[in-house]
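If you want the building blocks of each chain, they are given just below.
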Protein chains: 2
Amino acid sequence: MSADPLPALDQIDAAVLQQVLDGRWADIRSQVRETLRDPIFRPDMGLSMPDHRAIVSKQLAALAQTDGPKLLFPKDSGGLDEVGAAITSFETQAHADLSLLVKSGVQWGLFGGAVRHLGTKHHHDRYLADIMTVALPGCFAMTETGHGSDVQSIRTTATYDRETQEFVINTPDSSARKDYIGNAACDGRLAVVFAQLISGDNEPGVHAFLVPIRTEGGEPVPGVSIEDDGLKAGLNGVDNGRLHFDQVRVPRDALLNRFGDVAADGSYSSPIDSVNKRFFTMLGTLVQGRISISGAAISASKSALTIAVRYGDRRRQFSPPESDTEIPVLDYLAHQRKLLPALATTYALTFAQAELVAELHEAQSAATGDEARRKLETFAAALKATSTWHTSQTIQACREACGGAGYLAENQLAGLKADTDVFTTFEGDNTVLLQLVAKTLLTGYHAEFGELDTLATVRFVAEQVADIVIERIGARGIVRRVLDVLPGTGDDETNLLNRETQLALFAWREKHIIEGVARRMKKGFEADCDLFEVFNDAQDHLLLAARAHIDARILDSFTDAVDATTDPGVQAVLERVCDLHALATIERERAWFMEHNRLTATQSKVVTSTVNELCQQLRPYARLLVDAFAIPEELVVAPIAN
Amino acid sequence: MSADPLPALDQIDAAVLQQVLDGRWADIRSQVRETLRDPIFRPDMGLSMPDHRAIVSKQLAALAQTDGPKLLFPKDSGGLDEVGAAITSFETQAHADLSLLVKSGVQWGLFGGAVRHLGTKHHHDRYLADIMTVALPGCFAMTETGHGSDVQSIRTTATYDRETQEFVINTPDSSARKDYIGNAACDGRLAVVFAQLISGDNEPGVHAFLVPIRTEGGEPVPGVSIEDDGLKAGLNGVDNGRLHFDQVRVPRDALLNRFGDVAADGSYSSPIDSVNKRFFTMLGTLVQGRISISGAAISASKSALTIAVRYGDRRRQFSPPESDTEIPVLDYLAHQRKLLPALATTYALTFAQAELVAELHEAQSAATGDEARRKLETFAAALKATSTWHTSQTIQACREACGGAGYLAENQLAGLKADTDVFTTFEGDNTVLLQLVAKTLLTGYHAEFGELDTLATVRFVAEQVADIVIERIGARGIVRRVLDVLPGTGDDETNLLNRETQLALFAWREKHIIEGVARRMKKGFEADCDLFEVFNDAQDHLLLAARAHIDARILDSFTDAVDATTDPGVQAVLERVCDLHALATIERERAWFMEHNRLTATQSKVVTSTVNELCQQLRPYARLLVDAFAIPEELVVAPIAN
């Protein structure tokens, strides 16, 4: 199995390659790149925590002067309402200090996003303009020390007092304090606080309230205690903190009341009856946060790969036999293995992310149905988990590929690793997210993303009459092709460089695993087993289902992107990068394919040797491929990359 | 395939389990634990770099007051000459600040070790006492900016001046400056500088010289320029720096002349003729550094697992269906999967490390032959690579398993990750080390560790008449058993919980891969291919050979340790932990075993389900297993672990 030769390096139009990567909102990328060339954004790796926080606040103020924040907000509040452009801007901004990124994500994405999506017109009118300019710095106070993944069980309360028409916000004990809250330790003045709403006997679940936490002078508001979370592994330019509320009173209209309201007399009303469904609908409107983190993670892996590939291209070590010329380390297969499959997958994720952002944009621009919304949330969760783990591993590989130099702060990889490390567990813990994705797939997008608990999921699956339909596969028309092109046992001649074959393998794996998990649940339910045990015993199987789903989805995106490329030279290179991504994924999963008779032992070995060949074939294009990320040189300050 | 039930938790003697782990130098471990309870060693995660450096220097002075440093040095210099105890002490000390560990490793292990092992009596008499007390702080200046892995090609020169009987130490250009040198930025006064020796026309290769770099007042010596490497990802209590020598003159006896000397007239003499062999013999005497890092890495993974297991045991999230009691997160299979196989492998590595330390101890206590020494160096390199990668991955998993809490500096995991991150690339880059291990295995310990270049290796392999003998397997008598117990295709009933079967699988894999690489090299050589290409195309295969070798070796050690345990309860638990380690390794490598018809598809799936069962079976013992690491509570300050 050998890949066709590629056009010579100088035959490939680098500008076109960059265009393909830049995608639909290329103009915004260019604008943000220009903004970031300003010396105020120059990376500085030796700052103390207080200095770092101060500089990030200044940088945030500079960003507030641009059109960036306006993209996220509705036109009648002075915004531009271009969510696709907004996320693209955020992604590009991720090449600068990631503390700044997270700080701006807290202010505009989480805090502003909650006011926009959970609030109603009078909240918008009163707050959004000041949020955009950062005249009103704010927090998004959802997580508590005791409850992170299971947000529905948070224990902060908001009790309605009919006498005064106020809500009383209260932290019952220290495990219910709000924790890890960005902007809380120093700057935030108003917080969106998630709390259990109580009005008389009615307890309709978690709702969000606007609670002042600091005066304009910066002092904590009476009844609010604030602690600093202190030093973190990274992101030390963000002032994370803890909030504790001691019977803090806010007016009735502090409730962000789009999905549930309390009338003056204390009666509760909501357009959504089910507590569960209401909660997950509220959460769902915040999906842009997850999508933003996914994009930021991909950008961070691009920053790291840019540094490591440039260094590996030039750094020489050891001479070949009978020669005095030392070899660039990227010429070694083991070094290529560390960087090039990761580079190929970074391309793959870029195209999947572009599709996700476009879907979000369409969903917000037009009225979308429930099912489309659920699909978007599922895609977002699955891609966020995949992108952030990929980034964590890729930056680690880049650091090691740069040896001792990679360990020095000045070479930026240490900071990239430390800053992005938390991406795998914030905005939804990756493991929990993948489990939710699997549940959603099993139940055919039946309920709100995250809504079904274990019992409901197992029961739903058990009671399904028909087979599970893998919609994505059906929609793309792959199902009918699967059996034609799928390699079978004994068929050692199958060409795994054929894209149809790759797509079929990925799609078949997804279908087979999801069906397997469903059968397992059904069996456990019918045998009347303890449902927690049924579920827990299958947890790794569930996570595998989610991974198989997103793997297939990502390859679909990459394939579409390659097909849509019109420049033949660029298309040829992208074809090969896509092959490397696909084959490296098959290699990682080759045990599964052999276990399920979709790869023979011989084919499996061929997969490994083909990945090696693709690495060697793409090696001369490595620099071209990272240059196409077009990170402003002003931000690539690492001495080893210059 | 189901494991036997285990004795109840309260039937297991925790003290005996700790004894088994503490091993031969248990007394030293107890002493060091007592030392570390002193408040001076209390972890402090919020220090600035200058404060951190200052505190580490104070802590180092406190350690100098103990017998620890004496263990490393010969009796006639006032030492205790107990290298096994010294490494054990170092391992235990790794539960305190890892900056302190590395700083003490630089002072006593690298600097002191070089003076001891490369110097002769007058160097010992003059320096060792002051090195032990840190009256003379020093550096080990080997790595240059331009040459790290390929140390033989460093470009600093030491030119003998017959007139004055001096060596002139010179840095030709900035890529030849010494870099990443611990103790260089602030404290070091004398450095062991590795340089190309030039005496007239004679250029006998790299030798080590004692070069003063600072006066007693702390000023750089004239001709020496010192730069600070600045902030690093971690280990910021260590003052790494760069040294640049401008024609610095040192007397003739500054040459550490055990393996090569220059007479007053400039004539060179050495007990070893070959430049190559001499260089690698010199390096070999420094093997204790690698062994120490391996031990420190294992200790760091114990620190991380202690924190994450304690937290996972108590942290609750989500209730099972129809219940209000939330479930401890360690009850979830996915959480067990993150922590328990890593815990089992940490046990495995502990026993392998104990064997390695004992071998080093014997080698230094008695005159050992060349071959035994080479085997020791090979074992040390392979275990160092394995331990440090394991630690990096384990701490990462622990951090993620603790979510946002794991990201806060106060919970110690961030520091553990950042500090140990460089372990994978210093004291020998792991990839380079594994490649050297594979070369050594291929050439049957024929040459000094690291001595053979590509050409020599391929030629040696090609010219071998007989088959390669896998000595380790032969010595343990496993070879003859392999075919009896090895599972074959179609034999789905094989019990993979049988230790003999596991050992046979590991041993067969090692043998098969090494023979495969050898055949490949031979073929390339005979076909007159470009040898660099032959070698480079096989690089991943070579690395796999080294990994297969050390995997087998580690399982051997664990098996021996279990067999040597006399307490039945403790032995039963260790048996199961060993099963989990073995099965998790087979699971990781199951694609290879299927590719080589040693596992059927059915067996491969059984491996995965058995790992799950073992995780669930060992879950109640998780706390017992980490408690047996006996880390002083004074050092486990993470709030989430208390």
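Residues numbered from 1 in each chain as written. Chains lettered and ligands numbered in written order. Predicted model: local features only at pLDDT ≥ 70, side-chain atom pairs only at ≥ 80, totals over all residues. Heavy atoms only, no water.

With respect to the nonpolar core
Inference 1: Formed by 378 residues in total, the largest nonpolar core has its most connected members in Phe194(A), Tyr347(A), Ile169(B), Phe194(B) and Tyr347(B).
Inference 2: Leave out the neighbours within four places in its chain, and Phe194(B) touches Leu118(B), Phe140(B), Ala141(B), Met142(B), Glu144(B), Ile154(B), Thr156(B), Lys178(B), Val206(B), His207(B), Ala208(B) and Leu286(B).
Inference 3: Listed in part, the 25 residues of the second largest apolar core include Ile169(A), Ala195(A), Val221(A) and Leu243(A). (Core = buried A, V, L, I, M, F, W, Y, C linked by side-chain atoms within 4.5 Å. Buried < 20%, exposed > 50% of the residue type's maximum accessible area, 1.4 Å probe, protein only. Contact = heavy atoms within 4.5 Å.)

Side note on the interface of chain A and chain B
Inference 1: Listed per partner, the contact involves 75 residues of chain A and 75 residues of chain B.
Inference 2: In total, about 5,800 Å² of surface goes out of reach between chain A and chain B, with carbon and sulfur atoms giving 53% of it.
Inference 3: Its largest share of buried area at the contact with chain B, chain A owes to Tyr407(A), Phe532(A) and Glu595(A), together 12% of the area lost on that side.
Inference 4: At the boundary of chain A with chain B, the tally comes to 6 salt bridges.
Inference 5: For the pair chain A and chain B, the number of links is 57 residue pairs in polar contact (both at pLDDT 80 or more).
Inference 6: Broken down by element, the residue count for the side of chain A that touches chain B peaks at 6 residues, all from helix H22 (residues 601–618) of chain A.
Inference 7: A per-class count over the side of chain A that touches chain B returns 28 nonpolar, 24 polar and 23 charged. (Buried area = accessible area lost by both parts, 1.4 Å probe. Salt bridge = Lys/Arg side-chain N within 4 Å of Asp/Glu carboxyl O. Polar contact = N/O pair within 3.5 Å; in protein donor to acceptor, adjacent residues only side chain to side chain. Helix = DSSP H or I, 4+ residues; strand = E, 2+ residues; numbered from the N terminus. Nonpolar A, V, L, I, M, F, W, Y, C, P; charged D, E, K, R; others polar.)

As for a negative patch on the surface
Inference 1: The grouping of Asp530(A), Glu533(A), Asp537(A) and Glu613(B) at the surface amounts to a negative patch.
Inference 2: Secondary-structure assignment places Glu613(B) in helix H22 (residues 601–618).
Inference 3: For Glu613(B), a relative accessible area of 35% corresponds to the partly exposed category. (Patch = residues over 30% accessible without salt bridge, like charges linked within 9 Å, V, L, I, M, F, W, Y side chains within 5 Å. Areas by Shrake-Rupley, 256 points an atom, 1.4 Å probe, with all protein chains shown as cover. Lys, Arg positive; Asp, Glu negative; His and termini not counted. Charge placed at Lys NZ, Arg CZ, Asp CG, Glu CD.)

Some points on unusual backbone geometry
Residues and elements named next belong to chain B.
Inference 1: The backbone of tyrosine 180 sits at a positive phi, close to 65 degrees, despite the residue not being glycine.
Inference 2: Mapped onto the elements, tyrosine 180 comes out in strand S4 (residues 178–181).
Inference 3: Here tyrosine 180 falls in the partly exposed class, since its relative accessible area comes to 22%.
Inference 4: One non-glycine residue with positive phi stands out, namely glutamate 427, at about 50 degrees.
Inference 5: By the secondary structure assignment, glutamate 427 is in the loop between helix H12 (413–420) and helix H13 (430–442).
Inference 6: Taking relative accessible area as the criterion, glutamate 427 reaches 23% and is therefore assigned partly exposed.

What about the packing of helix H1 (residues 14–22) of chain A against helix H9 (residues 333–365) of chain A?
All names here are of chain A.
Inference 1: For the pair H1 and H9, interaxial distance at closest approach is 9 Å and the crossing angle is 50 degrees. As far as their axial angle goes, H9 and H1 are oblique. Contacts from Leu17, Val20 and Leu21 of H1 reach H9 at Tyr347, Thr350 and Phe351.
Inference 2: Split by residue class, the contact of H1 with H9 holds 5 nonpolar, 1 polar and no charged. (Axes fitted to C-alpha atoms, helices over the stretch in contact; angles between N-to-C directions. Parallel < 35°, antiparallel > 145°, perpendicular 65-115°, else oblique.)

Some thoughts on the relation of the copies chain A and chain B
Inference 1: Each copy superposes on the other: chain A lies on chain B with an RMSD of 0.0 Å after a rotation of 180 degrees and an axial shift of 0.0 Å. Taken together, these values place the two copies in the relation of a two-fold axis. Of every C-alpha in chain A, the one belonging to Ala591(A) sits nearest the axis of rotation, 2.1 Å from it.
Inference 2: Interface overlap between copies is the fraction of interface residues in one copy that are interface residues in the other; for chain A against chain B it reaches 100%, indicating a shared surface. (Least-squares fit on C-alpha atoms with pLDDT ≥ 70 in both.)

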